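Summary of structural features
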Amino acid sequence: MRPDLRTQQRDFLLEITRAITAQLDLSEVLRRVLHASLVMLAGRVGIVALSDKHDGKFRVRAFSGIGADDVAQLDAKLQELMNPLDDEGFSREFLNRKLREMADVIDPRLAQSIAMPLVFAGKPLGLLIVFRSYQTAITSEDVATLQSFADQAAIAVNNAQLYGELNQEHQRLEAILNGSGDGVFILNPDLTFQRANRAFERMTSWPREELIGRPKSDVIVWDSLESRDIEDALDAGWATPSPLPGAADTVYVEGDLTRRDGLTQSIGITYAPMFTEDGRLESIIANVRDISNFRKAQEMQSVFISAVQHELRTPIAIIKGYASTLSRDDVEWEGDIMRENLAIIEDEADRLTDLVEDLLTASKIQAARELRLNLADTDLSAIAARSVERLASGSKRPIDLSFSEDFPLIPGDAIRLRQVIENLLTNAIKYSPEDKTITVGGRYTEKSVTVFVRDEGAGIPKDQIEKIFERFYRADDKLRARTHGTGLGLYLVKAIVEAHGGEISVKSQLGSGSTFYFTLPRDLA
Ligand code: ADP
């Protein structure tokens, strides 16, 4: 090569490598590398193959002067080449033979092929191959120039690959953040918002665009807070890196947040500090959990516990009171009074038995997630008649029975089904005035039987109809205060009916009463 040509070539090379290394998009880098090498070597066909991140095999990633059909065949040949920089390496003849084979795949008239490995920091990234239609001698100086070009190209490829991976990682993180059900937000050290995810947007009703740059105190407005928020922890020196790994602890706060739209939302926030390498606070990452369900469960549990306490204490107190009165030595009780008092004791003992039975059933359902039944031919009309007899005496009002004639036997667990009817009847008695009628009845079709319990009480508000079957759910405070109950009855009723393959439903009109229906199959499926 003539000296002036060489200078020209070097200038061109410099210019081109600058243009290449300035690029971060991998396919653009490859396109430019390919273009520059074809110009430099007056090549007709060029390919850049890169080593695949997963299996290490070379695959064509950019090509010029050939059709896409040939690329698949070249890929196969490249796999045979494997990694020319493996410790064992392979001979120049082997490489030349493979290059010849590749040239033949493309066009047998191609006379010369020049392969340059792309290596960065000892790591083989790929291979650049240029095919020419004619053959010329390549001097060692040419090889050196080409090699320095290939080294620059390798740097550019490596940068672009790293950038691509970073970008991908960034996108993955973004997808995780946005797909997460938990709210996430990141604060700058001055406690302004750096970013937030979609779940956080939903929880606070703050659009994300409006959050960025805004002070935390604008957004995290506590209606009530159980512990102190992050500001106090910061004042106490929380966000200073600790010499012990993992000791820069997270801070957890929980309370009721006033959302932007004015509603209240129970949340728990876990704050974690992030430090720069030299130990300065870089940002604070916060994970926000919606704890409304947990709160509700806690509330229900405590309502339940106080209800159970009350339910247990009342009959015990009554039994004890009557029993100690009756056992006084100084009074001779008349037979009638004695009988009346004993009947009360018996009633209260029954109430206790029912409650214990309900509690046991509920814990069995919870433990096993289903109820085991002892199935036998069961006469629901007879069970209903007995329950009416038992409960009517206590309620001092008539309870009508209305079963169609020849009401059929069904496969069922008599003890559990008695629990269903008695729970429904007890509710009807509890939630309707004493002068109103209650009816228990049954109808049947070829396939199923339906039993109903109707009252003329206060009815159930529409928005509570679904909830009353939930465990521990009890009516609004006023009614709750006036009536006994644990909120377990309908939960058990539903579980037992469903364990029989049946369904429970309710029709209710505020002010005029409610009717609960349960339908059971006449034959087991
Ligand atoms: P409890 O009666 O112990 O509160 P239940 O599970 O039996 O628990 O009932 C849940 C709630 O459903 C009751 O607190 C009450 O508000 C409502 N409810 C049930 N039956 C009736 C009814 N017949 N009329 C009106 N409300 C009812």
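These notes cover the structure that comes with them.

Parameters and conventions
Residues numbered from 1 in each chain as written. Predicted model: local features only at pLDDT ≥ 70, side-chain atom pairs only at ≥ 80, totals over all residues. Heavy atoms only, no water. Near = heavy atom within 4 Å. Polar contact = N/O pair within 3.5 Å; in protein donor to acceptor, adjacent residues only side chain to side chain. Helix = DSSP H or I, 4+ residues; strand = E, 2+ residues; numbered from the N terminus. Core = buried A, V, L, I, M, F, W, Y, C linked by side-chain atoms within 4.5 Å. Buried < 20%, exposed > 50% of the residue type's maximum accessible area, 1.4 Å probe, protein only. Contact = heavy atoms within 4.5 Å. Pairing = 2+ DSSP bridges. Axes fitted to C-alpha atoms, helices over the stretch in contact; angles between N-to-C directions. Phe/Tyr/Trp six-rings, centres within 6.5 Å; stacked < 30°, edge-to-face > 60°. Lys NZ or Arg CZ within 6 Å of the ring centre and 35° of its normal.

Here we come to the site of the ligand. Taken together, the neighbourhood of the ligand is formed by 18 residues, with Tyr431, Arg474, Ala475, Thr486 and Leu490 sitting nearest. A distance of 2.7 Å separates an oxygen atom of the ligand from a polar atom in the side chain of Tyr431. Thr486 is positioned with one of its backbone polar atoms (N or O) 2.8 Å from an oxygen atom of the ligand. Every element with two or more residues in the shell around the ligand is listed here: helix H13 (414-430), helix H15 (489-499) and strand E17 (513-521).

Judged by nonpolar contacts, the single largest core of 47 residues is most densely connected at Leu380, Leu425, Val440 and Phe518. Not counting residues up to four positions away in its chain, the partners in contact with Leu425 are Ser387, Val388, Leu391, Ile399, Ile438, Val440 and Val453. With 29 residues, the next largest nonpolar core counts Val48, Ile114, Leu128 and Ala156 among its residues.

Okay, the sheet that holds strand E6 (residues 193-196) next. Read across the open sheet, the six strands follow the order E6-E5-E10-E9-E8-E7; overall the sheet is antiparallel. Two strands bound the open sheet, and with one partner strand each, they are E6 and strand E7 (222-225). Averaged over all pairs of adjacent strands, the angle between strand axes in this sheet comes to 30°, irrespective of strand direction. Note that strand E5 (residues 183-187) and E6 share three bridges and pair antiparallel. Across the sheet, Ile186 pairs through a bridge with Arg195, a residue of E6.

Before going further, it helps to spend a moment on the packing of aromatic side chains. Each aromatic ring pair is summarised here by two numbers: the centre-to-centre distance and the angle between the ring planes. This structure, assessed with the given rule, holds eight aromatic pairs. Three or more aromatic residues link up through ring pairs in this structure, and these residues are Phe185, Phe193, Phe200 and Tyr271. Over the ring of Trp206 we find Arg260; its NZ or CZ atom is 4.4 Å from the centre of that ring. A cation over a ring is seen here: Arg471 above Tyr491, with NZ or CZ 5.9 Å from the ring centre.

Let's shift gears to the sheet that holds strand E3 (residues 112-120). Read across the open sheet, the four strands follow the order E2-E1-E4-E3; overall the sheet is antiparallel. What marks the edges here is a single partner per strand, and that holds for strand E2 (58-64) and E3. Neighbouring strand axes in the sheet, compared pairwise and without regard to direction, differ in orientation by 20° on average. With six bridges joining them, strand E1 (residues 45-51) and E2 adopt antiparallel strand pairing. Bridge assignment links Ala49 to a residue of E2, and that residue is Val60. Where helix H2 (residues 26-41) meets the sheet, its contacts fall on E1, E2, E3 and strand E4 (123-132), and the angle it forms with E1 comes to roughly 140°. The strands touched by helix H4 (residues 92-106) within the sheet are E1, E3 and E4, with E4 carrying the most contacts at an inclination of about 55°.

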